[in-house]
Amino acid sequence: MNRVTFTIDGKEVKAIRGQTILKAADAAGVFIPRLCAYRDLTPNGSCRVCSVRVNGRIQAACVQTVAEGAIVENETPELLEYRRNIVDMLFVEGNHFCMFCEKSGFCELQALAYRFGIKAPRYPFLYPKRDLDMSHPHVFLDHNRCILCGRCVRASQDMDGKNVFQFVERGGRKRLQVNGDSLSETDLKATDEAVSVCPVGALMKKRVGYEVPVGRRRYDEKPIGDDIEMKGEK
Ligand code: SF4
Ligand code: FES
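Residues numbered from 1 in each chain as written. Chains lettered and ligands numbered in written order. Predicted model: local features only at pLDDT ≥ 70, side-chain atom pairs only at ≥ 80, totals over all residues. Heavy atoms only, no water.

J.: Hey, could you run me through the layout of surface pockets in this one?
T.: Where empty space is left can be seen by rolling a probe of water-molecule size over the atoms. The space that makes up the largest pocket amounts to roughly 990 Å³. What lines the largest pocket is a set of 41 residues, and nearest its centre among them are Y38, R39, E108, S196 and R218. If you list the elements that add at least two residues to the lining of the largest pocket, you get α1 (21–27), α5 (193–196), β10 (203–205), α6 (218–221) and α7 (226–233). Looking at the lining of the largest pocket residue by residue, the class counts come to 19 nonpolar, 7 polar and 15 charged. In this structure, the second largest pocket spans a volume of roughly 500 Å³. Forming the walls of the second largest pocket are 21 residues, and the residues nearest its centre are R130, H143, K174, R175 and L176. At 4 residues, the largest contribution of residues to the lining of the second largest pocket is made by strand β9 (residues 175–178). Here the residues of the lining of the second largest pocket sort into 6 nonpolar, 6 polar and 9 charged. (1 Å grid on protein atoms, 1.4 Å probe; cavity = no way out; pocket = protein on both sides within 12 Å on 5 of 7 lines; lining within 4 Å. Points joined across faces, edges and corners; volume = space filled by probe spheres on them. Helix = DSSP H or I, 4+ residues; strand = E, 2+ residues; numbered from the N terminus. Nonpolar A, V, L, I, M, F, W, Y, C, P; charged D, E, K, R; others polar.)

What follows is the structure in structure tokens.
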């Protein structure tokens with residue numbers, strides 16, 4: 001009784017009771033796009049990129065648990081457009097200049113844009129003025145590229161046992177803040193999980209950004225989600 005069976009786009013999937021739709025889909029080789037969800041970090045359901053329809057209702061697959069007999073829609077034109085719109089908005093509300101970013105080719109936002117066929121944003125750029133914190137000897141934080149996914153906040157607390165990051169304010173004023181006047185005043189280490197989980201080029205180690213040449217990086221070679229979909233083909 002610990003197993004449930006449901007369908008994703010008509011494909012029968014067996015899952016563990018209590019598992020999220022995202023995890024069950026991953027295990028079944030079905031890729032559901034995501035940005036704020038990351039491996040075993042507790043999901044917070046904030047980005048909505050993983051939106052699917054469950055029995056007709058839009059739900060975030062990273063927080064919604066599986067239910068016996070549920071009918072999940074993932075790859076529909078409506079949902080692809082919905083997700084594409086979110087990614088489009090993330091691009092214009094920050095300052096993402098992929099050609100100058102060390103994360104290019106490893107960036108999940110960029111990789112999703114490629115997967116969704118986004119060649120140019122459809123909304124006007126907002127060009128917000130945001131800070132760059134270079135104070136730490138080994139890590140930088142560029143708020144221009146932060147998409148407020150919260151991965152670093154959760155990883156710092158749950159995996160590193162620290163509390164380096166937090167969100168302040170709400171709505172359009174929401175931003176990431178460090179536990180001190182600057183990164184150098186925190187107990188962040190370059191080896192912390194919080195540094196490695198950032199999906200974009202906002203939180204990165206210094207001096208290693210170009211160790212892998214552009215053009216030979218993860219998403220230069222394979223689309224995002226390819227590793228998950230390969231499992232479904234076996
Ligand atoms: Fe997410 Fe990176 Fe911003 Fe942290 S710094 S909230 S991991 S985008
Ligand atoms: Fe599910 Fe962000 S990945 S809401």
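Picking up where we left off.
J.: Please clarify how the nonpolar core should be interpreted in this entry.
T.: Taken as a class, soluble globular proteins show a tendency for nonpolar side chains to be buried jointly. In terms of nonpolar packing, the biggest core is built from 43 residues, with L35, V87, L109, L112, F165, L183 and L188 touching the most fellow members. Listed by contribution, the elements that provide at least two residues to this core are α2 (77–93), α3 (108–115), β7 (139–142), α4 (151–158), β9 and α5. Apart from the residues lying within four places of it in its own chain, the contact partners of V87 are L109, L112, A113, F116 and I118. Among the nonpolar cores identified, the runner-up in size contains 22 residues, and V13, I32, A60 and V66 belong to it. (Core = buried A, V, L, I, M, F, W, Y, C linked by side-chain atoms within 4.5 Å. Buried < 20%, exposed > 50% of the residue type's maximum accessible area, 1.4 Å probe, protein only. Contact = heavy atoms within 4.5 Å.)

J.: I would appreciate a short explanation of the sheet that holds strand β2 (residues 11–16) in the present structure.
T.: Within a sheet, adjacent strands bond to each other through the backbone by hydrogen bonds, running parallel or antiparallel. The mixed open sheet is built from 5 strands, whose spatial order is β2-β1-β5-β3-β4. A strand with exactly one partner marks an edge of an open sheet, and here the two such strands are β2 and β4 (57–60). Across this sheet, the average inter-strand angle for adjacent strands is 40°, counted without regard to direction. As judged from the 2 bridges shared by strand β1 (residues 3–8) and strand β5 (residues 71–73), these two strands associate in the parallel manner. What sits directly across from T7, in β5, is I71. Across the face of the sheet, α2 comes into contact with β3 (51–54), β4 and β5 while running at roughly 150° to β3. (Pairing = 2+ DSSP bridges. Axes fitted to C-alpha atoms, helices over the stretch in contact; angles between N-to-C directions.)

J.: Help me out: how do you make sense of the packing of aromatic side chains in this one?
T.: Aromatic ring pairs: the centre-centre distance and the angle between the two ring planes describe each pair. Scanning the model with the defined rule gives 1 aromatic pair in all. Ring centres 5.4 Å apart and planes at 25° place the aromatic pair F125 and Y127 in the stacked group. For Y127, a relative accessible area of 53% puts it in the exposed group. Over the aromatic face of F167 sits the side chain of K174, whose NZ or CZ is 4.4 Å from the ring centroid. (Phe/Tyr/Trp six-rings, centres within 6.5 Å; stacked < 30°, edge-to-face > 60°. Lys NZ or Arg CZ within 6 Å of the ring centre and 35° of its normal.)

J.: Would you explain the side chain of H143 in this entry?
T.: Along the chain, H143 falls in the loop between β7 and α4. Note on H143: relative accessible area 17%, which makes it buried. If sequence neighbours within four positions are ignored, H143 has contacts with R130, D131 and L176.

J.: Please clarify how the pairing of β7 should be interpreted in this entry.
T.: Residues in a regular strand point their side chains to alternate faces of the sheet. By the alternation rule, side chains of β7 split into V139 and L141 and F140 and D142, which are all buried. The hairpin formed by strand β6 (residues 132–133) and β7 contains 5 residues between the paired strands. Looking at chain direction, β7 and β10 are connected through 3 bridges and run antiparallel. The residue of β10 that forms the bridge with L141 is L203.

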